[in-house]
Amino acid sequence: MKGPEFRHIQACIFDLDGVIVDTARFHYQAWKKLADGLGISFSEEDNERLKGISRMESLEILLEIGGMSISRAEMAELTDQKNKWYVDFVRAMTEDDVLPGVSDFLQELQSHGVRVSVASASKNAQLVLQQVGLIDVFDAVSDGRMVKRAKPDPEIFLHSSSQLGIPASNCLVFEDAAAGIEAAQRAGMVTVGVGSERSLKDADAIIPGFAGLTIHQLCSKVFRNGTIEIEFGKEDDNAEKAKIL
Ligand code: B16
Ligand code: MG
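Residues numbered from 1 in each chain as written. Chains lettered and ligands numbered in written order. Predicted model: local features only at pLDDT ≥ 70, side-chain atom pairs only at ≥ 80, totals over all residues.

1. Topic: the nonpolar core
One broad trend across soluble globular proteins is that nonpolar side chains are buried collectively. Heads up, the condition is: In this description, a nonpolar core means buried residues of the types Ala, Val, Leu, Ile, Met, Phe, Trp, Tyr and Cys, linked to one another by C-beta atoms lying within 7 Å. Burial is judged by counting other C-beta atoms within 10 Å of a residue's own C-beta: 20 or more means buried, 12 or fewer means exposed, and anything between counts as partly exposed, with every C-beta placed from the backbone. Strands here are runs of E lasting at least two residues and helices are runs of H or I lasting at least four, both read from the DSSP assignment and numbered beginning at the N terminus. In this description, a residue-residue contact is defined by the distance between C-beta atoms placed from the backbone, which must lie within 7 Å.
Counting 65 residues, the largest nonpolar core has Cys12, Phe157, Leu172, Val173 and Met189 as the members making the most contacts within it. Tallying contributions element by element places helix 1 (residues 24-38) first for this core, with 5 residues. Filtering out sequence-adjacent residues up to four positions away, Cys12 remains in contact with Leu109, Val114, Val116, Leu172 and Phe174.

Rendered as structure tokens:
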């Protein structure tokens, strides 16, 4: 029988919304305000479809829900308006908005020589990271302004691995959206879904969140009995052999 595939993880790439911070509720409130103005009924369940995808694609879905068709120029005006409302929410964010356990886990990764970056579809990613005090923590940030094709295209994750100078097969991605898991898998990376089993079933492993998570747990519990075995750190420095041997 074939044993598990082994991956040496030298970099972790984090999605932003839904992984590091919960900005989905701000996106929802801004889209809801826009939908109300257009007379479109838009629920939190509808908002699930917008997670991880670009701003313009989100508007296209909203208009489809409302059965509306408008010009590209009008669409640009509406996305600008939605973004203004969204940015107002973001400007009120503080360090307290970082999701539980994220900062500790980042610190642990860095103390083991693992490089960390953000790969977010959001064109506001830098602003969000600045607001919550994490902008200088990451070695690199890839955002929606730097790539042409949105998730599930792998471009943003490949951009991130090349910024870090780490091959894609040595990168592990944390993602909360199905489109993001698909994108990371197409990039050839190991994937960890953050959230519920139901929507992230294609991920290599799933965690509910980062509260209390350690490298050791991730290697020995989360990936245990899977088809992939992982180990963290630089290849040449007697890295953390956190997996259970
Ligand atoms: P913006 P992520 C994504 O962030 C959000 O999940 C998605 O709902 C949003 O439409 C997209 O960013 C674009 O955001 O309007 O700020 O450019 O999950 O990729 O970090
Ligand atoms: Mg996300």
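From this point, things continue past the structure.
2. Brief notes about the confidence of the model for the protein chain
Stated formally: pLDDT expresses, on a scale from 0 to 100, how confident the predictor is about each individual residue.
A residue-level look at the protein chain finds 94% of positions with pLDDT of 70 or above and a mean pLDDT of 92. Across residues 238-245, confidence stays below pLDDT 50; counting only partners more than four residues off in sequence or on other chains, it has 23 contacts.

3. As for unusual backbone geometry
Lys151 connects to Pro152 through a cis peptide bond whose omega is 15°. Tracing the sequence through the fold places Pro152 in the loop between strand 4 (140-142) and helix 7 (155-164).

4. Looking at the packing of helix 1 against helix 4 (residues 72-90)
The cut-off we apply is this: What counts as an axis is a line fitted to C-alpha atoms, over the stretch in contact for a helix, and the angles between N-to-C directions run from 0 to 180 degrees. Reported orientations rely on four angle classes, namely roughly parallel under 35 degrees, roughly antiparallel over 145, roughly perpendicular from 65 to 115, and oblique for the rest. By convention the crossing between two helices is left-handed if the near helix lies anticlockwise of the far one by an angle smaller than a right angle, and right-handed if it lies clockwise. Nonpolar residues are Ala, Val, Leu, Ile, Met, Phe, Trp, Tyr, Cys and Pro. Charged residues are Asp, Glu, Lys and Arg, and all others, Gly as well, are polar.
Helix 4 packs onto helix 1 with a crossing angle of 140° between their chain directions and a minimal axis gap of 9 Å. Here helix 4 runs oblique to helix 1, going by the angle between their axes. At the point where helix 1 passes helix 4, the crossing takes the right-handed sense. Where helix 1 abuts helix 4, its residues Phe26, His27, Gln29, Ala30, Trp31, Lys33 and Leu34 lie against Leu78, Gln81, Lys82, Trp85, Tyr86, Phe89 and Val90. By residue class, the composition of the contact of helix 1 with helix 4 is 9 nonpolar, 3 polar and 2 charged.

5. Quick look at the pairing of strand 5 (residues 171-175)
Condition: The pairing criterion for strands is at least two bridges between them, as found by DSSP.
Within strand 5, 5 of the 5 residues are buried, leaving the element largely enclosed by the surrounding structure. Neither face of strand 5 is exposed, since Cys171, Val173 and Glu175 on one face and Leu172 and Phe174 on the opposite face are all buried. Sheet topology places strand 2 (residues 11-14) next to strand 5; 4 bridges connect them, and they run parallel. Bridging from a neighbouring strand, Ala11 pairs with Cys171 of strand 5. Summarising the sheet, strand 5 and strand 6 (residues 190-194) pair through 4 bridges and their orientation is parallel. Bridge pairing links Glu175 to Gly193 in strand 6.

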